[in-house]
Every structure is written in structure tokens, then in C-alpha cells.
Amino acid sequence: MLRSTLRGTTATTAAMAATVATVTALGGAATASAAPQTPTCHVSGLRASLSDKGGHQNGMSHEGTVLALTNTSGRTCALRGYPGLQLEDTRHKAVDTITSWGSTYFVPDPGKRTLVLKPGGSAEAALAWAHADAPRMVQAGYLRVTPPASRDHLTIPFEKTVTNGQLSVTALAYRIDVS
């Protein structure tokens, strides 16, 4: 029995030594509490905008742009995931919209990850749609953008014709390459 206890103590001591070595190698100290998390960006501290970023996201009856969410607050905040999207007509009335999260016709999905935005920092997502003849062509005037983990939205001009009201959007990333 003593032998079993010593083996357990030796294994526990080795595990503790490995933990201390790892913490020391990372330059930190072991603490019982976790570091404070960055608060989620709130709509009141964000600005939405669209830009082609000099890229060519047009072809085969498809069109695309880059959606940017910029931190306009005076504090650092975080975003993670995909923006919600809703088309509006020219009178700001919501129209039926189908949003697909993932890769767009032009840009591969970068995947979900937490982005920490300092004041003035931005997160980007690729946005794409088709404008080919179809039974239901939606003439949009505006686009509602709901940041991840939010119930509120921002509204920006979006004067586009969208086949069947279908949009595709990537996860937010620090930078979307459209070249």
C-alpha cells in the first residue's frame, strides 16, 4: 500500500512540476482566477460600411463587396462569428432575405475566431449575391447588419438587385483579401 501511495505522490509531483514549468515558460504565474475577458462590441460603438477594396468581385451574374465593422467607441471590444443580414426596400421595410454563412462565390470563409478591436479598429467580412434573372428579384435599398452576439442592428445604403433575396457572408476577420 505504501508503494502505491508513493507512486501516486510521484506522479502528482511530476504533473505539478510540468504545470509550473509550462507556466514559467509562458512567462506567467498560475492564478486561481481567469483574466478578465474583453467585452463584446455593442452596436452603439460600431460603424458599418461597404467597400470593394479595389478588388474585382463581379462575374457570372454574381457581385460582392467587403463589409466592415469599425469600433467607434473609446474602449477595446470583441467580435466573434458571422454578421446577421437583412435586406430592406427603399422605404426601410424588411424584405424576405436568406443569408448563408460560410464561403462566398469569391472568397473562402476564414472561420469563426474572436477578434479584439481597439478603438478605430475594424473587422471585415466578404458579402456576395447573385443578380441573375429569377422568379423573385429583390430590389434592395438598404442592408441591416446585426453584429455577432447582438439583437440590435446598423442600417447602411445597399442599392442592389439580389436574386431571391439570397446573400452569402463569411465570418468576420481582421482582413478580407479580394485580390
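All figures in this text were calculated on a predicted structure; none of them were measured in a lab. (Residues numbered from 1 in each chain as written. Predicted model: local features only at pLDDT ≥ 70, side-chain atom pairs only at ≥ 80, totals over all residues. Heavy atoms only, no water.)

Draft legend 1. Seen up close, the pairing of strand β11 (residues 154-157). Because side chains alternate across β11, one face comprises the buried residues Leu154 and Ile156, and the other comprises Thr155 and Pro157, none of which is buried. Bridge count for strand β10 (residues 142-146) against β11 is four bridges, and the pairing is antiparallel. Of the residues in β11, the one forming a bridge with Val145 is Leu154. (Buried < 20%, exposed > 50% of the residue type's maximum accessible area, 1.4 Å probe, protein only. Helix = DSSP H or I, 4+ residues; strand = E, 2+ residues; numbered from the N terminus. Pairing = 2+ DSSP bridges.)

Draft legend 2. Representation of the pattern of salt bridges within the structure. A complete count under the given rule lists three salt bridges for this structure. The partner of Arg144 in a salt bridge is Glu88, with the nearest N and O atoms 2.4 Å apart. One end of the pair, Arg144, is in strand β10; the other, Glu88, is in strand β5 (residues 84-88), with 56 residues separating them in the sequence. Taking the relative accessible area as the measure of exposure, Glu88 reaches 2% and is therefore buried. (Salt bridge = Lys/Arg side-chain N within 4 Å of Asp/Glu carboxyl O.)

Draft legend 3. Fine view of the nonpolar core. Ranked by size, the top nonpolar core spans 27 residues in total, and within it Leu79, Leu85, Leu87, Leu143, Phe158 and Leu167 carry the most contacts. The element contributing the most residues to this core is strand β8 (residues 122-130), with four residues. Counting six residues, the second largest nonpolar core, distinct from the first, contains Val66, Ala126, Ala173 and Val178. (Core = buried A, V, L, I, M, F, W, Y, C linked by side-chain atoms within 4.5 Å.)

Draft legend 4. Representation of the confidence of the model for the protein within the structure. Of the residues in the protein, 79% have a pLDDT of 70 or more, and the chain-wide mean is 84. In the model, residues 1-35 has pLDDT below 50 throughout and makes three contacts with residues more than four positions away in sequence or in other chains. (pLDDT = per-residue confidence, 0-100. Contact = heavy atoms within 4.5 Å.)

Draft legend 5. Representation of the state of the cysteines in the model. Evaluation of the coordinates by the stated rule reveals one disulfide. Between Cys41 and Cys77 runs a disulfide, and the two sulfur atoms are separated by 2.1 Å. Between Cys41 and Cys77, the disulfide has an S-S torsion of 85 degrees and is therefore right-handed. With Cys41 in the loop between α1 (2-25) and β1 (46-51) and Cys77 in strand β4 (residues 77-80), this pair connects stretches of sequence that are 36 residues apart. (Disulfide = S-S within 2.5 Å.)

Draft legend 6. Seen up close, the pairing of strand β7 (residues 114-117). Side chains Leu115 and Leu117 project from β7 onto a buried face, and the interleaved Thr114 and Val116 project onto a face without burial. Relative to β7, β4 runs antiparallel, the two sharing four bridges. Considered in β7, the bridge of Leu79 is made with Leu115.

Draft legend 7. Quick look at the environment of Thr146. Within the secondary structure, Thr146 sits in strand β10. Expressed as a C-alpha distance, the spacing of Thr146 and Val43, which sit 103 residues apart in the sequence, is 8.0 Å. Ignoring any residue separated from it by four or fewer positions in sequence, one finds Thr146 in contact with Pro83, Gly84, Arg151, Asp152 and His153.

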